[in-house]
Every structure is written in C-alpha cells, then in structure tokens.
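Survey of secondary and tertiary structure
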There are 2 protein chains.
Amino acid sequence: MDLNLPLAEVSVTSDCCSLATEVLSTHDALRYAEIFKLLGDAGRLRILSLIAREGCAPITTTDLVSELDLSQPTISHHLKKLTEAGLLTRQQSGRKAYYTIVPNLFAQLRTVLELG
Amino acid sequence: MDLNLPLAEVSVTSDCCSLATEVLSTHDALRYAEIFKLLGDAGRLRILSLIAREGCAPITTTDLVSELDLSQPTISHHLKKLTEAGLLTRQQSGRKAYYTIVPNLFAQLRTVLELG
DNA sequence: TTAATATATCGAAGATTATCAATATATAAA
DNA sequence: TTTATATATTGATAATCTTCGATATATTAA
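Everything numeric here is computed off the predicted structure, so don't read it as measured data. (Residues numbered from 1 in each chain as written. Chains lettered and ligands numbered in written order. Predicted model: local features only at pLDDT ≥ 70, side-chain atom pairs only at ≥ 80, totals over all residues.)

1. Focus on the protein's contact with DNA strand D
Close to DNA strand D lie 27 residues, the nearest being P73 and G94 of chain A together with T60, T62 and P73 of chain B. Elements supplying a minimum of two residues to the surface near DNA strand D: α5 (72–84) of chain A together with α4 (61–67), α5 (72–84) and β3 (96–101) of chain B. For the surface near DNA strand D, the leading source of residues is α5 of chain B, giving 6 residues. Per-class residue counts for the surface near DNA strand D are 7 nonpolar, 12 polar and 8 charged. (Near = placed C-beta within 6 Å. Helix = DSSP H or I, 4+ residues; strand = E, 2+ residues; numbered from the N terminus. Nonpolar A, V, L, I, M, F, W, Y, C, P; charged D, E, K, R; others polar.)

2. Comments concerning the sheet that holds strand β1 (residues 59–60) of chain B
Residue and element names in this part refer to chain B. The strand order across the open sheet built from 3 strands is β1-β3-β2, with neighbouring strands paired in antiparallel fashion. Edge strands, defined here as strands with exactly one partner in the open sheet, are β1 and β2 (88–93). As defined by bridge partners, β2 adjoins β3 across 6 bridges and the pair is classed as antiparallel. Bridging across to β3, T89 finds its partner in T100. Its contacts with the sheet put α5 on β2 and β3, and the angle it makes with β2 is roughly 120°. (Pairing = 2+ DSSP bridges. Contact = placed C-beta atoms within 7 Å. Axes fitted to C-alpha atoms, helices over the stretch in contact; angles between N-to-C directions.)

3. So, the packing of helix α3 (residues 42–53) of chain B against α5 of chain B
Residue and element names in this part refer to chain B. The contact between α3 and α5 brings their axes to 10 Å, and the two run at 75°. It follows from the interaxial angle that α3 and α5 lie roughly perpendicular. Counting all contacts with α3, which are made through G43, R44, I47 and L48, the residues of α5 involved are I75, H78, L79 and L82. Here the residues of the contact of α3 with α5 sort into 5 nonpolar, 2 polar and 1 charged. (Parallel < 35°, antiparallel > 145°, perpendicular 65-115°, else oblique.)

4. Comments concerning the protein's contact with DNA strand C
Around DNA strand C, the surrounding shell holds 25 residues, and the nearest of these are T60, T62 and P73 of chain A together with T74 and G94 of chain B. Sorting the residues of the surface near DNA strand C by element identifies α4 (61–67), α5 and β3 (96–101) of chain A together with α5 of chain B as the ones contributing at least two each. Per-element accounting of the surface near DNA strand C gives the leading share, 6 residues, to α5 of chain A. Partitioned by chemical class, the residues of the surface near DNA strand C number 6 nonpolar, 11 polar and 8 charged.

5. Topic: the pairing of β3 of chain B
Residues and elements named next belong to chain B. Here β1 pairs with β3 via 2 bridges, running antiparallel. The partner of I59 across the bridge, within β3, is Y99. Joining the antiparallel neighbours β2 and β3 is a turn of 2 residues, in which G94 adopts a positive phi near 65°.

6. A short note on the sheet that holds strand β1 (residues 59–60) of chain A
Residue and element names in this part refer to chain A. Across the sheet, 3 strands lie side by side as β1-β3-β2; this open sheet has antiparallel pairing. Edge positions in the sheet fall to β1 and β2 (88–93), since each has one partner strand and no second. Relative to the sheet, helix α3 (residues 42–53) contacts β1, β2 and β3, its axis offset from that of β3 by approximately 90°.

7. Remarks on the UniProt feature "domain: HTH arsR-type" (unreviewed entry) in chain A
Mapped onto the present numbering, the UniProt feature "domain: HTH arsR-type" (unreviewed entry) falls on residues 24–116 of chain A. Spanning residues 24–116 of chain A, this segment combines 60% helix with 15% strand, and its end C-alpha atoms are found 14 Å apart. (UniProt positions renumbered as here; feature names shortened; annotations may be inferred.)

8. Section: the packing of helix α2 (residues 26–39) of chain A against α3 of chain B
Contact pair α2 of chain A / α3 of chain B: the axes reach a minimum separation of 8 Å and the direction vectors enclose 115°. Seen from above, α2 of chain A lies across α3 of chain B with right-handed handedness. Here α2 of chain A contributes A29, L30, Y32 and A33 of chain A to the contact with α3 of chain B, which in turn contributes A42, L45 and R46 of chain B. Class assignment of the residues belonging to the contact of α2 of chain A with α3 of chain B gives a composition of 6 nonpolar, no polar and 1 charged. (Left-handed = near helix turned anticlockwise from the far one by under 90°.)

9. Concerning α5 of chain A
Residue and element names in this part refer to chain A. Compared with the 18 Å implied by 1.5 Å per residue over 13 residues, the 18 Å span of α5 between its first and last C-alpha is a close match. Every buried residue belonging to α5 is among I75, H78 and L82, and all of these are buried. Along α5, the residues classed as buried sweep out an arc of 60° about the axis, all on the same side. Away from the buried face of α5 by more than 90 degrees, exposed residues P73, K80 and E84 are located. Looking at the packing, one finds that the buried side of α5 touches α2, α3, α4 and β2. Positive phi shows up at G86, right after α5, with a value of about 95°. (Expected span 1.5 Å × (residues − 1). Buried ≥ 20, exposed ≤ 12 C-beta atoms within 10 Å, placed from the backbone. Arc of directions from axis to C-beta.)

What follows is the structure in structure tokens.
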C-alpha cells in the first residue's frame, strides 16, 4: 500500500484553476493538433502576423515574399496550407491572389488554450 | 501599370478587425512557433487536457499512461518536452512524478492568437 | 503575338519528429 | 537484501515536413 500521502507532500503553489471542464476528445485533439502544427512554424506565424496587420485589407503573395526571407514557392506552399486549414481565405483578382485572416478558428484555438 | 483596382474588386465580407497592432518579430515568431509545435500533436494536447481537468491536483505519469493509448516511454518523452517548454511543472515525490499546468504561457499564446 | 508578371505545382534533399522495445535508475515493499 | 513499482533514457525506425530550384499556368502589357 502507498502510505506516502503524496498529494500532501507536493506543494501546490501554482495559481492554476482550470477553465477546462471537458477533456479533449481524441477526435478534437486530432483536429486541433493539425492546426497548431501549422502555427508551429516561424515563417507561417509571421505570414499570419503580416496579414493580420493589414486588418481587413487583403495582402498578396508578392507582398509577403518581399517582407520575408523565404522563397516564393515556400510562401505559396504555406499560404495553401493555411488556407486549406481555414485560417485564411484566398481571392484571386487578375493575376494576383489576395489573402485575409479568418477570425473564427483563431477564437476556437484561444478557447482550447484556456487550460490554466 | 496596374489598373485593376483590385482592392475594390475583392469583396471584403470578413468581420476581421485585427487586434494585432505589431507584427511578430522574427525572434518572437521562433519562440512561439517552438511552443505551438508542441501543441501540434494530439497526444500532447490530450495530456495537457487531462492534467488541466485535475485543476490544481497534480497527476502522475502512470495516471496518464492508463488514460492514453501511448506507451509509457512516449508519454514520459512528451511530458519532458512540455515541462522543458514551461507548459508544465514537475515535482517528484517518492518514486512518482507529479505534473501540473503552468497557466502563464497559455495566456501568452492566447494573446498571440488574437489575429482576427 | 510576344514578353513580362503573379502565382502555383513538382520533385527532391535534408532535417525533424513520434513512436516503441529494451534497458537503466531510483524508490519503496517484502 | 531481494523484489516490485514508477519513471526516464537510449537507440532505432518510419513518417512527416520545410525548403528551394525548376517548371508550369494564367493573366496582363507591349
């Protein structure tokens, strides 16, 4: 038998008071992990940040290429993934592609992060 | 010359109104990407969720092993990474290791996600 | 029609990662 | 001291991902 009274021994100094009432289901965990994985890249974070700075004004692939130290194919690749995931929308106008932030999913992610 | 008036052509239907006033620096982007990368794994997300459910009560490695379909070494590995990143704290008591959520960093991540 | 521009896709190389079996370590129980 | 328990580390494999050069596509300009 374990007579360690371990919970008493462990000092609980954290101000943690979880807002998470439900444990993430396997399904939701997979879904959110896929999106967090996209955020787990500095280049993509900066792409999102640059687009967000424009507010409602869309930004083109070329704009991003000129602001980041990444090749045009790499940036196009990131934009595709972010768009497919629902973090961005893409609108073509002439030969330019305009991207904007989709706020919805970001709000969901913030809720998932209410763990502490 | 570009006479497309593209910004007028692109319909701005999004309710985007960015709260992000500053573009993420390269340094911060790297720093946050490293943490989002950790959240980009379903197993780790569920580990965090299970720990958060306990509120302030710490949880042991074995508790997690019994709730997840991952081997004990894999879970220990994830716990180490999450702890090193500052998302968890670890306290040893006897032969058990108790883990708890560190709320601070989660709050920072929520701020970073205020893009839309 | 020909040339230039904007963007996307292809294919490949190199790096990183998740995972587990086996093993090590450290503590507690018998 | 011997055995059982709790956790961590090692080493290896398979899968995934980032990145870029080269190329393709599509649109506009000359």
